[in-house]
Amino acid sequence: MAILNILEFPDPRLRKVAKPVTVFDDRLKMLSEDMIETMYEAPGIGLAATQINVHKRIVVIDVSEDHSEPMVFINPQITVLSDQQREWEEGCLSVPGFHEIVVRPRDVQVSAQDVDGNNFELEPDELLAVCIQHEIDHLNGKLFVDYISSIKRQRIRKKLEKAHKQSK
Ligand code: GNR
Ligand code: NI
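Conventions adopted
Residues numbered from 1 in each chain as written. Chains lettered and ligands numbered in written order. Predicted model: local features only at pLDDT ≥ 70, side-chain atom pairs only at ≥ 80, totals over all residues. Heavy atoms only, no water. Salt bridge = Lys/Arg side-chain N within 4 Å of Asp/Glu carboxyl O. Helix = DSSP H or I, 4+ residues; strand = E, 2+ residues; numbered from the N terminus. Buried < 20%, exposed > 50% of the residue type's maximum accessible area, 1.4 Å probe, protein only. Polar contact = N/O pair within 3.5 Å; in protein donor to acceptor, adjacent residues only side chain to side chain. Contact = heavy atoms within 4.5 Å.

Colleague: Which parts of the structure should I look at to understand the pattern of salt bridges?
Modeller: Any two side chains of opposite charge can pair, so long as their charged atoms come close to each other. Applying the stated criterion across every chain yields a total of nine salt bridges. With its nearest N and O atoms 3.1 Å apart, the salt bridge here joins D116 to K29. With D116 in the loop between β6 (108-113) and β7 (119-122) and K29 in helix α1 (residues 26-41), this residue pair connects regions lying 87 residues apart in the sequence. Judged by its relative accessible area of 48%, D116 falls in the partly exposed class. Across the pair E90 and R104 runs a salt bridge whose closest N-O atoms are separated by 2.7 Å. Of this pair, E90 sits in strand β4 (residues 85-90) while R104 sits in strand β5 (residues 100-105), and the two are 14 residues apart along the sequence. Across the pair, exposure class does not vary: E90 and R104 are buried alike.

If you want it as structure tokens, here you go:
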């Protein structure tokens with residue numbers, strides 16, 4: 001297994017739209033394993049392939065406290081089930097050190113495929129519902145900072161650009 005490098009805002013590669021997975025082979029299984037390992041090591045509760053510069057529709061999530069429930073979502077799709085919204089303070093491994101309140105649909109249904117290509121559905125709640133929406137955003141080239149004011153977003157961009165320069 002391997003720990004993969006995570007792209008950071010404002011890297012333009014985070015804006016690419018990921019393509020559907022069509023081949024369910026051993027490479028996909030290995031990539032999912034590496035993504036789970038990378039997520040645990042970061043540490044984070046989710047990771048989208050976009051963040052490791054692989055532009056395919058693959059997401060891994062584990063919202064358990066002891067790394068006991070890794071989940072893999074291939075080609076995930078979301079359906080909003082009600083008009084209810086909810087606020088959550090979000091962070092992102094691609095925007096390290098910053099947290100902001102984001103408003104998203106509360107009630108969603110997710111349909112996806114597993115690493116073998118079998119379809120499954122689930123109705124996540126709480127943190128899992130927030131996280132899956134955050135990860136699908138990544139696959140569409142979107143980041144949580146897109147939901148906050150442009151003043152705040154610019155401030156975060158400048159701070160991260162400065163940090164990236166200094167670590168070169
Ligand atoms: O680790 C993460 N925590 C988190 C907290 C609130 C809302 C979303 C997230 S996802 C984030 C990991 C990450 O950046 N996934 O893309
Ligand atoms: Ni993220």
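Still more ground to cover, so stick around.
Colleague: Is there a simple way to think about the side chain of N75 in this case?
Modeller: The residue N75 is located in strand β3 (residues 71-80) in this model. Since its relative accessible area comes to 14%, N75 is described here as buried. A distance of 2.9 Å separates the side chain of N75 from the side chain of Q113, its partner in a polar contact. If sequence neighbours within four positions are ignored, N75 has contacts with P20, V21, F24, R57, S111, A112 and Q113.

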